[in-house]
Amino acid sequence: MIFHRDDIVRIAKHGDKEAFSRMFHEYYGKLFGLARYYVKSNELAEEVVDDTFVKIWQKRKKLSGVKNLEAYLYTIIKNHSINQIRTNSDRQFMSIDNVDLKIKMIARNPEEQLLSKEMLSVMEHSVSSLPERCGLVYRMVKDDGLSYKEVAAMLKISVKMVEKHVGTALRRIRQEMTGYTGRSNTNLKNLK
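Residues numbered from 1 in each chain as written. Predicted model: local features only at pLDDT ≥ 70, side-chain atom pairs only at ≥ 80, totals over all residues. Heavy atoms only, no water.

Trainee: Could you give an account of the nonpolar core, with specific residues and numbers?
Mentor: Ranked by size, the top nonpolar core spans 51 residues in total, and within it Met23 and Leu69 carry the most contacts. Listed by contribution, the elements that provide at least two residues to this core are helix 1 (5-14), helix 2 (17-39), helix 3 (42-58), helix 4 (69-87), helix 5 (110-128), helix 6 (132-142), helix 7 (148-155) and helix 8 (159-181). Of all the elements, helix 2 adds the most residues to this core, at 12 residues. Ignoring sequence-local partners within four residues, the contact set of methionine 23 consists of Phe3, Ile11, Phe53, Ile56 and Leu69. (Core = buried A, V, L, I, M, F, W, Y, C linked by side-chain atoms within 4.5 Å. Buried < 20%, exposed > 50% of the residue type's maximum accessible area, 1.4 Å probe, protein only. Helix = DSSP H or I, 4+ residues; strand = E, 2+ residues; numbered from the N terminus. Contact = heavy atoms within 4.5 Å.)

Below you can see the structure in the form of structure tokens.
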């Protein structure tokens, strides 16, 4: 059940619900992550993404003019998230879950498992403490697998600025990881 470019046409011109379902399943996780980054709440992020998909379905005929669906969806989510923040600025939300980093560490024994969890915690903390734009760019590149050019287009910044944000993020992560391990680790220097 993979979403294809042809599915956009089927959704826009024929109201194909199966194609829309494939699009929903293909992009929901990425869009949820982006919304959660902005609104800092799982519940509100879910609402943002759900509302976005409802609006896309209601205005599905406009999809036929979309050249880069992923950029289009990211832009809608970003704008809707910002509107939610403005609307709910007087209410405080607290997310139960922190940002998930997609890092796999193999531990052979309980001590290594504990150290792995601690290292993940240090990395999560360093990423979450990045300046807002820097953290967003880093997540879009590293977690979502977008190219620098795609991120630049979505956020309306230069590719050089994307490179700068990613470089800043990697330096901060290396510093905190080096501080955690107490020594300069050559593996951390290769963190890309």
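And the narrative resumes.
Trainee: Summarise helix 3; cite the residues concerned and give the values.
Mentor: Over its 17 residues, helix 3 runs 24 Å from end to end, which matches the ideal 24 Å to within 8%, given 1.5 Å per residue. If you check which residues of helix 3 are buried, you get Asn42, Leu44, Ala45, Val48, Val49, Thr52, Phe53 and Ile56. (Expected span 1.5 Å × (residues − 1).)

Trainee: How would you summarise the environment of valine 9 if you had to cite specific residues and measurements?
Mentor: Relative to the helices and strands, valine 9 resides in helix 1. Separated by 51 residues in sequence, valine 9 and arginine 60 place their C-alpha atoms 9.4 Å apart.

Trainee: If you had to explain the environment of cysteine 134 to someone new, which residues and values would you point to?
Mentor: By secondary structure assignment, the location of cysteine 134 is in helix 6. When the C-alpha positions of cysteine 134 and glycine 167 are compared, they lie 9.3 Å apart, and in sequence the two are 33 residues distant.

Trainee: Please set out helix 6 residue by residue, giving values where relevant.
Mentor: Of all 11 residues in helix 6, 8 are buried, a share of seventy percent or more. Buried within helix 6 we find Cys134, Gly135, Leu136, Val137, Tyr138, Arg139, Met140 and Val141.

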